[in-house]
Amino acid sequence: MTIQRNDWSLQRKGIIDQERHKERVREAIRKNLGSIVSQEAIILSDGKRTVRVPMRALDEYKFRFDYHKQKHVGQGDGKTRAGDVIARESQPGQGTGVGQAGQEAGDEYYEAEVNIDEIAALIFEDLHLPFLQEKAKKAVQSKKTQFNEIRRTGVIANLDKRRMIMENIRRNARAGQGAKFGDIKKDDLRFKTWEEVMRYESNAVVIAMIDVSGSMGEFKKYIARSFYFWMVRFLRTKYDNVDIVFISHHTEAREVTEEQFFTQGESGGTVVSSAYQLALDIIKLRYPPADWNIYPFHFSDGDNYYSDNDEAVRLAEELIDTCNLFGYGEIGEEGSSSYRRASGALLSIFNDRLKDKDHFSGVRIDDKEDVYPALKQFFGLRGIETPA
Amino acid sequence: MEDREIRNLETSLDQIWAVAQKFGLDPYPTRFEIVPATVMYEVGSYALPGRYSHWTFGKAYHRMKTMYDFALSKIYEVVINTNPAYGFLLETNSPVQNKMVIAHVLGHVDFFKNNIYFSKTNRRMVESVSTHAQRMMDYEFKYGRKTVENFLDAVLSIEEHIDPNFFIRREISAEEEKHRAEQRPKEGRYDDLWSLDGRNPSPTLPARGEEVKHHERLPQKDILYYLMKNSPTLAAWQRDVIAMVHEEAEYFIPQMQTKIMNEGWASFWHARIMRELDLSDNDHLEFADLHSGVVSPHKGKLNPYYLGYKVFEHIERRWDNPSQEEREKFGRPGNQGREKIFEVREIDSDVSFLRNYLTEELCEELDLFVYELVEEEEWTISEKRWERVRDQLVANMTNFGFPYLEVEDGDYHGNRELYLKHCYEGTELDLRYARKALEHVHTLWGRPVHLETIVDEEVTVLRYDGEEHQEE
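These lines cover the structure that appears in this document, whether it is placed above or below. (Residues numbered from 1 in each chain as written. Chains lettered and ligands numbered in written order. Predicted model: local features only at pLDDT ≥ 70, side-chain atom pairs only at ≥ 80, totals over all residues. Heavy atoms only, no water.)

As for the overall build of chain B
A count of helical and extended segments in chain B gives 19 helices and 10 strands. Within chain B, the proportion of its 472 residues that are buried is 52%. Counting contacts in chain B only where the partners sit at least 6 residues apart, residues at least 24 apart contribute 70% of the total. Looking at chain B as shown, the accessible area adds up to about 22,700 Å², and 47% of this sits on carbon and sulfur atoms. (Helix = DSSP H or I, 4+ residues; strand = E, 2+ residues; numbered from the N terminus. Buried < 20%, exposed > 50% of the residue type's maximum accessible area, 1.4 Å probe, protein only. Contact = heavy atoms within 4.5 Å. Areas by Shrake-Rupley, 256 points an atom, 1.4 Å probe, with all protein chains shown as cover.)

Description of a negative patch on the surface
All names here are of chain B. A cluster of acidic side chains, namely Glu 360, Glu 361, Glu 364 and Glu 387, defines a negative patch on the protein surface. The leading source of residues in the negative patch is helix H17 (residues 360-366), at 3 residues. Relative to the elements of secondary structure, Glu 364 occurs in helix H17. Judged by relative accessible area, Glu 364 falls into the exposed class, the value being 59%. (Patch = residues over 30% accessible without salt bridge, like charges linked within 9 Å, V, L, I, M, F, W, Y side chains within 5 Å. Salt bridge = Lys/Arg side-chain N within 4 Å of Asp/Glu carboxyl O. Lys, Arg positive; Asp, Glu negative; His and termini not counted. Charge placed at Lys NZ, Arg CZ, Asp CG, Glu CD.)

A look at the nonpolar core
Judged by nonpolar contacts, the single largest core of 65 residues is most densely connected at Ile102(B), Trp269(B), Ile273(B), Leu307(B) and Phe353(B). Residue contributions to this core peak at 10 residues, all from helix H4 (residues 95-114) of chain B. Three or more residues apiece are contributed to this core by two domains, here domain 1 (3-115 + 258-292) and domain 2 (296-399) of chain B. Discounting residues that sit within four places of it in the chain, Phe353(B) has contacts with Ile260(B), Met261(B), Gly308(B), Val311(B), Phe312(B), Ile315(B), Val344(B), Asp348(B) and Leu358(B). Judged by nonpolar contacts, the second largest core, of 58 residues, contains Ala208(A), Met231(A), Val363(A) and Phe379(A). (Core = buried A, V, L, I, M, F, W, Y, C linked by side-chain atoms within 4.5 Å. Domains from an automatic or database assignment.)

Concerning the sheet that holds strand S9 (residues 458-464) of chain B
All names here are of chain B. Judged by pairing direction, the sheet is mixed, and its 5 strands sit side by side in the order S6-S7-S8-S9-S10 without closing on themselves. Both outer strands of the open sheet, strand S6 (405-412) and strand S10 (469-471), are each paired with one neighbouring strand and no more. Strand-to-strand twist across the sheet, computed as the mean angle between neighbouring axes with direction ignored, equals 25°. Examined bridge by bridge, S6 and strand S7 (residues 417-422) share 5 bridges and lie antiparallel to one another. Residue pairing across strands places Asp 409 opposite Tyr 419, the latter belonging to S7. Strand contacts of helix H9 (residues 223-230): S6 and S7, with the helix running at about 25° to S6, the strand carrying the most contacts. (Pairing = 2+ DSSP bridges. Axes fitted to C-alpha atoms, helices over the stretch in contact; angles between N-to-C directions.)

Some details on the sheet that holds strand S3 (residues 72-75) of chain A
The antiparallel open sheet is built from 4 strands, whose spatial order is S3(A)-S4(B)-S5(B)-S4(A). Bordering the open sheet on either side are S3 and strand S4 (85-88) of chain A, each of which pairs with just one other strand. Taking the axes of each pair of neighbouring strands and ignoring which way they run, one obtains an average angle of 40° across the sheet. In the sheet, S4(A) pairs with strand S5 (residues 378-383) of chain B via 3 bridges, with the strands oriented antiparallel. Across the sheet, residue Arg88(A) finds its bridge partner in S5(B), namely Glu378(B).

Quick look at the pattern of salt bridges
A side chain of one charge can pair with a side chain of the opposite charge if their charged atoms are brought near each other. Throughout the structure, instances matching the rule amount to 52 salt bridges over all chains. Of the charged contacts, one joins Arg88(A) and Glu378(B) as a salt bridge, the two residues approaching to 2.9 Å between their closest N and O atoms. With Arg88(A) in strand S4 and Glu378(B) in strand S5, this pair bridges two chains. Arg345(B) is the salt-bridge partner of Asp110(B), the closest N and O atoms lying 2.8 Å from each other. Of the two residues, Asp110(B) sits in helix H4 while Arg345(B) sits in helix H15 (residues 337-347), which places them 235 residues apart along the sequence. Each of the two residues, Asp110(B) as well as Arg345(B), counts as buried. A network of salt bridges, in which partner residues are shared, links Asp17(A), Arg20(A), Glu23(A), Arg24(A), Glu27(A), Glu140(B), Arg145(B), Lys146(B), Glu149(B) and Asp153(B).

Digging into helix H13 (residues 304-320) of chain B
All names here are of chain B. If you check H13, its first and last C-alpha atoms are 24 Å apart, about what 17 residues at 1.5 Å a residue would give, namely 24 Å. Where burial is concerned, most of H13 is hidden: 13 out of the 17 residues are buried. With a side-chain oxygen lying 3.0 Å from the backbone nitrogen of Tyr 305, the N-terminal cap of H13 falls on Asn 303. (Expected span 1.5 Å × (residues − 1). Polar contact = N/O pair within 3.5 Å; in protein donor to acceptor, adjacent residues only side chain to side chain.)

Description of the side chain of Arg390(B)
All names here are of chain B. Mapped onto the elements, Arg 390 comes out in helix H18 (residues 386-397). Judged by relative accessible area, Arg 390 falls into the buried class, the value being 17%. Sequence-distant contacts of Arg 390, defined by excluding residues within four places in its chain, comprise Leu 354, Arg 355 and Leu 358.

So, the interface of chain A and chain B
Each side of the interface is counted separately: chain A has 57 residues, and chain B has 92 residues. Of the roughly 7,100 Å² buried at the junction of chain A and chain B (both faces included), carbon and sulfur atoms supply 53%. Three residues, Met1(A), Phe63(A) and Gln75(A), lead the burial of chain A against chain B; their summed loss comes to 15% of the area buried on that side. Summed over the shared surface of chain A and chain B, the number is 14 salt bridges. Of all the secondary structure elements, the ones that give two or more residues to the side of chain A that touches chain B are strand S1 (2-4), helix H1 (13-31), S3 and S4 of chain A. A breakdown of the residues in the side of chain A that touches chain B according to their chemical character gives 15 nonpolar, 17 polar and 25 charged. For S3(A) and strand S4 (residues 368-374) of chain B, the ladder comprises 4 bridges, and the chain directions are antiparallel. Looking across to S4(B), one finds that Gly74(A) is bridged to Phe369(B). (Buried area = accessible area lost by both parts, 1.4 Å probe. Nonpolar A, V, L, I, M, F, W, Y, C, P; charged D, E, K, R; others polar.)

Thoughts on the packing of aromatic side chains
Residues and elements named next belong to chain B. Counted under the stated rule, the structure contains 47 aromatic pairs over all chains. Relative to Trp 445, the ring of Tyr 226 has its centre 6.1 Å away and its plane inclined at 20°; by these criteria the two rings are stacked. With Tyr 226 in helix H9 and Trp 445 in helix H19 (residues 431-445), this residue pair connects regions lying 219 residues apart in the sequence. Of the two residues examined, Tyr 226 and Trp 445, each falls in the buried class. The interplanar angle of 65° and the centroid separation of 6.0 Å between the aromatic rings of Phe 369 and Tyr 371 together place this pair among those described as edge-to-face. Classification of Phe 369 as buried rests on a relative accessible area of 1%. (Phe/Tyr/Trp six-rings, centres within 6.5 Å; stacked < 30°, edge-to-face > 60°.)

Side note on the side chain of Gln70(A)
With respect to the helices, strands and loops of the structure, Gln70(A) is situated in the loop between strand S2 (50-56) and S3. With relative accessibility at 12%, the residue Gln70(A) sits in the buried group. Setting aside residues up to four positions removed in sequence, Gln70(A) forms contacts with Phe65(A), Tyr371(B), Glu372(B), Trp379(B), Asn396(B) and Thr427(B).

So, unusual backbone geometry
Residues and elements named next belong to chain B. Residue Asn 83 is joined to Pro 84 through a cis peptide bond whose omega torsion reads 0°. Here Pro 84 is to be found in the loop between strand S2 (77-80) and strand S3 (85-90). A positive phi angle is found at Asp 367, which is not glycine, with a value near 55°. Within the secondary structure, Asp 367 sits in the loop between H17 and S4. For His 413, which is not glycine, the phi dihedral falls at a positive 60°.

Next up, the structure:
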């Protein structure tokens, strides 16, 4: 029988294995990007670097009983009777995002802390601007500082100690004092200096168009918003110098600021051609195709005025001919599947009439989880696969 | 904690030890360690210090630590079944908490030492797991961390599916081995030549049927062992990993079989030991508060501490003051309460403990009931009759709460496919989990695997061949 107190400060096993668990979580995130991409926590993160998203805990699969079909024994306060309801199963559908939280009592959820930059890096790993071409007029994309020279004078902060020591030893050896270090003189000092390197790259402009008509409900706007959230982020991360033009439209189109683009709500009908016309005008005025790679993207629910459809297709064709890629995303009702869509919706018209255009890409989004595939389709490797 | 406090605690330990012995408790010598919370939670999440690394331990550790950090729950004690035993005390415990924990731990250690289900547990398990950890690390070094980790995922998915009475088999098999060795003729260098011309028709070969080795006998409850011995796909190091996991599972199974009793027993004794100590009024109040925290009913759920505690008290009372009927029918003279509970702690497991001693009176007093999900939305009390409640509780404890699975065939379809059977006893499997677990079994078997079970009252066979799932 003894009581002891030892030094446990070197005990790290739990922490090390916690790290292993975290690694697993990161893997799971990578596999679940589809559902994480459209998490409110991220889209509405407002500049925060890390956010918490609900994730199903990493399951340890075993043969076990179905909790819901099992009879359990419980304990009451002395007054229970047969027939009493002691708890209610939480209703499915309340959870948003990843599956339905709480639907299965046996499922554990926990909040995973994710770094938006990390997620972004994962998402952007294989995205790029398709059909990018060298254009006549090049824009300065970035000025980079490269340390690529050694001089005898310079700023003391940039002292290259290793070289200095080498020089010192060499000088000592030359002076016949043996190859050893000591007695540093000004002659020994070496400094790293830099050069400014200009990098040039082709110009690119993205024209982001969004339908803000009355039929674009909360969910649809949210989808468009999460798509553009990642698109803007992606462009800014990968390309230093990409212009983004924001256009919102109902029956009329106008150019708006980024903030307005993401926050405004409007109502009214839908004339899609108005947006395309404005896009073409802006291109003519500011972004001549000879000098610019142009990427118009448009999100809508496809409820265009019937009489406008022909005009919309015509202008879309014109956009496709002027631009590198024209992307159109059609957002359905939450949870509905495509077969319920009226055949008059824009996507089916586009798919029908633009089907031999390589530089057109149309996707349909019915669910938050479709945002990530849409990103992949628009910014995926092009030229190999043609969109359905 | 200051040295002075440690000395005080040592004095209390001597007192508690003396009181425990006076009561007839017979624990192993026990070493108490005062540790910071991080170490406490580490030992708690690994169940033994020094085990091999795996992310599931990290997950448990993270969860426990978070609960502690947010003051949602706190572990006061962790006890290790070894000889000498180890008790861990949280360094932030108050003196009264420490005394109670020490008394509680001694109750556990007495149980470990004297309960029959623990009689075969390895009392040097800390050393064993640390050699396992070393071996596991060597394998990680040799074959890659991910490889070992993923393989462990598969093994751990069926770690509970071992035979709790494996030791019996191990003893028999050693005996048989000896027997066989005696029967075998001494082999000379050229003895094998005899068989060439049939002059020695192997008279010592056992009759057919006997030659089936244990690990080939079917059906086989010990799936882990069966796979280790018979899997057509595993490398030597993988079989070794299974052997290690098997050994550790064997060690933990008695704890799973006696959870309610073990906690009940420790709580029963910490209460009685603390009463014998000379506590100040304040200390006494603090203790009463702590004690009621440990042994209080959790609304809705069952608290094993409370249930076990109540049953032991009830047994003692019944054997101290038997009813007229019990006196006449069973010849119980009375005043045998202490004797009886010591007998129970020696020979019962949770299943027999509850089946034998959970009475109508207790069921009513504790207000126990059976509940189930009605129409997929309301958890409803479906049964209050005490026999039904008792039987349900016993059923849920059977096979320590896991579905009972057996290997039926290791050469199904004559094609080296594995056929597992769920011995259905009224509750269906979680099929999503079963399919995923079946994938793990496939990793271990390397050929198509089957699982027979009952779904919606129909015999259903889940099959996984490494690529897709099928259901027949």
